[in-house]
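# Coordinates in review
Letter by letter, the chains look like this.
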Amino acid sequence: MWQRGLNWAAILLVGIFGLMWVGIVIYADHFSSLWMRIVQVVFGFLLLGWAVQKTIEMIKKA
């Protein structure tokens, strides 16, 4: 039971972090070059994608 709760917490934290990462890069990072901002946005979307994939896996287990 604890393991399942911790899994959900990790998924939630990674998803929120990914969303915040993308938001910060798009709206607050004006000093990086364009290509670096694109790489950072892709990284944020990879984190979001991981969180969505793990959420689907956790729902299927239940």
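Here, the structure is the one placed above.
Thresholds, definitions, all that
All chains use their own residue numbering, which begins from 1 and follows the written sequence. Only residues with pLDDT of at least 70 get local features here, since the model is predicted, and only at 80 or more are side-chain atom pairs given and counted; chain-wide, interface and lining totals rely on the full set of residues. Side-chain calculation: all heavy atoms of the structure are included, whereas hydrogens and water are not. Helix and strand assignments come from DSSP, with helices taken as H or I runs of at least 4 residues and strands as E runs of at least 2, each series counted from the N terminus. Each residue is placed in one exposure class: buried if its accessible area under a 1.4 Å probe, protein chains only, is under 20% of its type's maximum, exposed if it is over 50%, and partly exposed if it falls in between. Asp and Glu count as negative and Lys and Arg as positive, but His and the ends of the chain are not part of the count. The salt bridge definition used is simple: a Lys or Arg side-chain nitrogen within 4 Å of an Asp or Glu carboxyl oxygen. Throughout, a residue-residue contact means that at least one pair of heavy atoms, one from each residue, lies within 4.5 Å. Under the convention used throughout, the expected extent of a helix is 1.5 Å for every residue step, that is, one less than its residue count.

Along the polypeptide, Asp 29 turns up in the loop between α1 (2-27) and α2 (34-61). Buried and unpaired, Asp 29 has no salt bridge, with Arg 37 as the nearest side chain of opposite charge at 5.1 Å. Among residues more than four places away in sequence, those in contact with Asp 29 are Ile 24, Arg 37 and Gln 40.

Okay, α1 next. Its 26 residues place the ends of α1 37 Å apart at the C-alpha level, agreeing with the 38 Å of an ideal helix rising 1.5 Å per residue. The set of residues buried in α1 consists of Ile 11, Gly 15, Gly 18, Val 22 and Val 25. Elements in contact with the buried residues of α1: α2.

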